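A look at the structure
What follows is each chain in one-letter form.
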Amino acid sequence: MHARATRKLPGRVLSVEIKTDNAADSDWWALGFASRDSNAAQGVHSENVLIVYDEATGIPDEIRNSMEGALGDNNARELALGNPTADNGFFRDAWEKSQEFWHTINISALRTPNVRARKRLIPGLVGHEWVEKIRRRFGEQSPFWVCRVLGQFFNFGEEKTIPPSWVKLAQQRYHQMQDGLPRRLLVDPAASANNDSTGVVLQAGLRLRAVEKYQEPDTQANARRILRKAIELHCTEIRVDVTGPTKGIGDKLVELKSQGHANGITITCVGWGESAKNPEFFDRQMDEMWFSCRDAFNPGTPEEPNLKAVGLCPDGELADELAEQLSVRGYTLSKHGKIKVESKPELRKRGVESPDLADALVMGFIPEPAPMTWSGKKSKVLTGLPS
């Protein structure tokens, strides 16, 4: 910025500091630093001070408060730059609780040159195609649209990853559809022998059906039960969660396959905590899978219906439980503006049991898994290819 300035700026740019060579201008300087220690941010004093907070959403209040000593002079000013993705903190307060102390400026993507002209006038600036992609995928009422496109803070409340109305429409579609391919058994094994259950869902093309939910503490017995069910339902693939304590199920299934018991069934083991395939919107694969599932349940609009929307079986003793679980998880945005789906620990804090059936179903919507060998150190995706 110093080198490309429209008007030539004095001084030399160091790694984190700008100093002038002119003795008469020795009181003009700029200092940049990053710190988690509030004490390190103290001690800045001068007659004229401008404090700039970049990515202000991620700056803790204690760091900002430590700068108060430098703001005592009448000529002291603050400039805070950031995306409106925080639930709280001084940056959000500047817009809602402390407006008398701040002059706020909102920059909507809809007002930027590339979007208004619908062509690339300024390289690197957001474009019309990106805005339309966000509109189609997330909708204009979503936090992602409000925060990332309109540049406004969103009041997070009861936003559901999959709205109950979409689940109901999926149930109404089910009997109008036929089973198709791929035919998968989707399994979320119990993470412990205490209260968790193993949830099993059948995916037959665009049709989804809850199969069973049970408690089986023995890993070997559970793996055999899963394999028998896959054979009984004529599945060509088993997808199973191997995150943390459930990875033993993946080991046993692959072992059974190596012994010739899988009858050509592919074993795909999935780690929920892995990095997302699309880092523009997500950090974790878990969030990405849930939103891929959301896309599959999205009915679209009357003008643009989703012709690939899934059907959910409304029949059977587990149908209502699965339908309820699909709409139980909320979502928000991280401080970096990425979509973050409510985790199991967060669900437990508000008294919601583990959505085992829904977590199993979601594994039918993983971005294309990459085959790899089992390492035991870091579980990404393990594929046992058919015999």
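A short tour of the structure in this document, coming up. Predicted model, so just to flag it, every value in this text is computed and none were measured.

1. Description of the overall build of the protein
From N to C terminus, the protein includes 12 helices and 14 strands. Here the protein, with 387 residues, has 46% of them falling under the buried criterion. For the protein, the share of sequence-separated contacts (at least 6 apart) that also reach a separation of at least 24 residues comes to 63%. Put simply, the protein shows about 21,600 Å² of open surface, and 50% of that area lies on carbon and sulfur atoms.

2. Quick notes on the nonpolar core
Considering soluble globular proteins, one finds that nonpolar side chains tend to be buried as a cluster. In terms of nonpolar packing, the biggest core is built from 51 residues, with Phe297, Leu312, Leu322, Leu326 and Leu361 touching the most fellow members. Looking at this core element by element, the count peaks at 7 residues for helix 9 (residues 285–297). Once residues within four sequence positions are removed from consideration, Leu312 is found in contact with Val167, Ala170, Gln171, Tyr174, Leu208, Phe297, Leu322, Ala323, Leu326 and Leu361. Grouped together as the second largest cluster of nonpolar side chains are 22 residues, Leu202, Leu233, Cys235 and Val240 included.

3. Some words on helix 8 (residues 247–258)
Working note: α-helix, 3.6 residues per turn, so residues spaced by three or four point in the same direction. Under the 1.5 Å per step criterion, the end-to-end length of helix 8 is 17 Å for 12 residues, consistent within 8% with the ideal 16 Å. Listing the buried residues of helix 8 in full gives Ile249, Gly250, Leu253, Leu256 and Lys257. Buried residues along helix 8 cover an arc of 130° about the axis, so they all sit on one side. Just beyond helix 8, the residue with positive phi is Gly260, at close to 85°.

4. Some thoughts on the layout of surface pockets
A water-sized probe rolled over the atoms picks out the places where empty space is left. Approximately 1,100 Å³ is the volume attributed to the second largest pocket. Looking at the second largest pocket, it is lined by 37 residues, and the ones nearest its centre are Ala80, Leu81, Gly82, Phe91 and Ile105. Breaking the lining of the second largest pocket down by element, the ones donating at least two residues are helix 1 (61–65), strand 5 (77–80), helix 2 (90–96) and helix 5 (143–149). Of all the elements, helix 2 adds the most residues to the lining of the second largest pocket, at 5 residues. Taken together, the residues that form the lining of the second largest pocket break down as 19 nonpolar, 10 polar and 8 charged.

5. A look at the packing of aromatic side chains
Think of a pair of aromatic rings as described by two things: how far the centres are apart, and how the planes are tilted against each other in angle. Scanning all chains against the criterion turns up 11 aromatic pairs. Centroid distance Tyr53 to Phe90: 5.3 Å. Interplanar angle 65°. Geometry classified as edge-to-face. Taken as a pair, Tyr53 in strand 4 (residues 50–53) and Phe90 in helix 2 lie far apart in primary sequence, 37 residues in all. Arranged with centres 6.3 Å apart and planes meeting at 80°, the rings of Phe281 and Phe282 form a pair that is edge-to-face. Taking the relative accessible area as the measure of exposure, Phe281 reaches 2% and is therefore buried. Of the residues examined, Phe282 reaches a relative accessible area of 1% and is grouped as buried. Ring pairs connect the aromatic residues Phe138, Phe144, Phe281, Phe282, Phe291 and Tyr331, which therefore count as one cluster. Its guanidinium or amino end placed over the ring of Tyr214, Arg225 lies 3.6 Å from that ring's centre, counting from NZ or CZ.

6. Observations concerning a nonpolar patch on the surface
Judged by side-chain polarity, Leu50, Val52, Leu79 and Leu81 come together as a nonpolar surface patch covering roughly 350 Å² of accessible area. Mapped onto the elements, Leu50 comes out in strand 4.

7. Let's talk about helix 10 (residues 319–326)
All of the buried residues in helix 10 are Ala319, Leu322, Ala323, Gln325 and Leu326. In an axial view of helix 10, the angular spread of the buried residues amounts to 165°, which keeps them on one side of the axis. In this structure, helix 10 carries Asp320 and Glu324 as exposed residues pointing more than 90 degrees from its buried face. Of the surrounding elements, those touching the buried residues of helix 10 are helix 6 (164–174), strand 7 (198–204), strand 8 (207–214), helix 9, strand 11 (311–312) and helix 12 (356–362).

8. Focus: the pairing of strand 6 (residues 183–188)
Counted residue by residue, strand 6 has 6 buried out of 6 residues, so it is predominantly covered. Burial along strand 6 is two-sided: Arg183, Leu185 and Val187 and Arg184, Leu186 and Asp188, pointing in opposite directions, are all buried. As paired elements, strand 6 and strand 7 share 6 bridges and run antiparallel to each other. By the bridge assignment for strand 7, Asp188 is matched with Gly199.

9. Points about the environment of Ile366
Checked against the element boundaries, Ile366 lands in the loop between helix 12 and strand 14 (381–384). With relative accessibility at 9%, the residue Ile366 sits in the buried group. Linking Ile366 and Arg239, residues 127 residues apart in sequence, is a C-alpha distance of 9.9 Å. Ignoring any residue separated from it by four or fewer positions in sequence, one finds Ile366 in contact with Arg239, Val270, Gln285 and Met289.

10. Some remarks on unusual backbone geometry
Residue Pro182 is reached from Leu181 by a cis peptide bond, and omega for that bond is 5°. With respect to the helices, strands and loops of the structure, Pro182 is situated in the loop between helix 6 and strand 6.

11. Some details on the pattern of salt bridges
With the rule as written, the count across this model stands at 21 salt bridges. Linked by salt bridges that have partners in common, Asp188, Arg329, Lys344 and Asp359 make up one network.

12. Comments concerning the side chain of Arg294
Of note, Arg294 is situated in helix 9. It is Asp295 that comes nearest to the buried, bridge-free Arg294 among opposite-charge side chains, at 5.1 Å. Ignoring any residue separated from it by four or fewer positions in sequence, one finds Arg294 in contact with Phe138, Lys160, Thr161, Ile162, Pro163, Trp166 and Tyr331.

Reading guide: rules and limits
- Residues numbered from 1 in each chain as written.
- Predicted model: local features only at pLDDT ≥ 70, side-chain atom pairs only at ≥ 80, totals over all residues.
- Heavy atoms only, no water.
- Helix = DSSP H or I, 4+ residues; strand = E, 2+ residues; numbered from the N terminus.
- Buried < 20%, exposed > 50% of the residue type's maximum accessible area, 1.4 Å probe, protein only.
- Contact = heavy atoms within 4.5 Å.
- Areas by Shrake-Rupley, 256 points an atom, 1.4 Å probe, with all protein chains shown as cover.
- Core = buried A, V, L, I, M, F, W, Y, C linked by side-chain atoms within 4.5 Å.
- Expected span 1.5 Å × (residues − 1).
- Arc of directions from axis to C-beta.
- 1 Å grid on protein atoms, 1.4 Å probe; cavity = no way out; pocket = protein on both sides within 12 Å on 5 of 7 lines; lining within 4 Å.
- Points joined across faces, edges and corners; volume = space filled by probe spheres on them.
- Nonpolar A, V, L, I, M, F, W, Y, C, P; charged D, E, K, R; others polar.
- Phe/Tyr/Trp six-rings, centres within 6.5 Å; stacked < 30°, edge-to-face > 60°.
- Lys NZ or Arg CZ within 6 Å of the ring centre and 35° of its normal.
- Patch = residues over 30% accessible without salt bridge, like charges linked within 9 Å, V, L, I, M, F, W, Y side chains within 5 Å.
- Salt bridge = Lys/Arg side-chain N within 4 Å of Asp/Glu carboxyl O.
- Pairing = 2+ DSSP bridges.
- Lys, Arg positive; Asp, Glu negative; His and termini not counted.

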